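Structural description and commentary
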Amino acid sequence: MSMRQFEVVVDFGGIVVFDDQGLQAYFGSIAEGDNPYRRFTSTADGDRVVEQGIVMPIIGINDSSYRVLVRMDGDASAVPDQLIIVRDASFPLRVAGRLIIADLAVFLEWYPEEGWQRIDVPPGCYAAAVNGFRKVEHHVVVDFGFEIVLTPTDALAPMTASLRQSVQVLELPG
């Protein structure tokens, strides 16, 4: 897989990367129109799907259109190091079928394929790091987004990332 770039329009405060087969299997099945988000936030299911490598959330971000770059660990980064303002690592990720990137809103109402973009990666386990970047010129944020770096692992990687770490990249430093 070479570096891929996605444009993700966020209108519900987050981006999710998930394995749709893994998510269906976790819940037994998800019916069209279901609200998995309610289960994630009102039960332990939210933490469990992250720890089991089914969902990788980038949450607590402003609604906007984000540039998201996805690359393998061995590939060069397209983001200059000095633009990276936040790093969160690592999330376990298990890819059974296909990896999807979407606005968190897709979990409010489950409609397969709607708003989904596919990340082409071979099935297997990965440790995923998230780097938030921002470029400021003349006190204006001119470029921003996230780089997701995937490192293949033999087994499911332990969760060492923090879901409480701020990954906000849009606001200017005060």
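Note: the structure precedes this text.
Residues numbered from 1 in each chain as written. Predicted model: local features only at pLDDT ≥ 70, side-chain atom pairs only at ≥ 80, totals over all residues. Heavy atoms only, no water.

1. A look at the packing of aromatic side chains
Within this structure, the stated rule accounts for 11 aromatic pairs. Ring centres of Y26 and F27 lie 5.3 Å apart, and the angle between their planes is 85 degrees; this geometry places the pair in the edge-to-face category. Exposure remark for F27: the relative accessible area of 13% places this residue in the buried category. Three or more aromatic residues joined by ring pairs form one cluster here, namely F18, Y26, F27, F40, F107, W110 and W116. (Phe/Tyr/Trp six-rings, centres within 6.5 Å; stacked < 30°, edge-to-face > 60°. Buried < 20%, exposed > 50% of the residue type's maximum accessible area, 1.4 Å probe, protein only.)

2. Points about unusual backbone geometry
Residue S90 is bonded to the preceding A89 through a cis peptide linkage, with omega at -10 degrees. Structurally, S90 can be placed in strand β5 (residues 84-95). The phi angle at E113 is positive, at roughly 80 degrees, despite the residue not being glycine. Here E113 shows up in the loop between β6 (99-103) and β7 (117-119). Judged by its relative accessible area of 45%, E113 is partly exposed. A positive phi angle is found at H139, which is not glycine, with a value near 65 degrees. Relative to the helices and strands, H139 is located in the loop between β8 (124-137) and β9 (140-153). (Helix = DSSP H or I, 4+ residues; strand = E, 2+ residues; numbered from the N terminus.)

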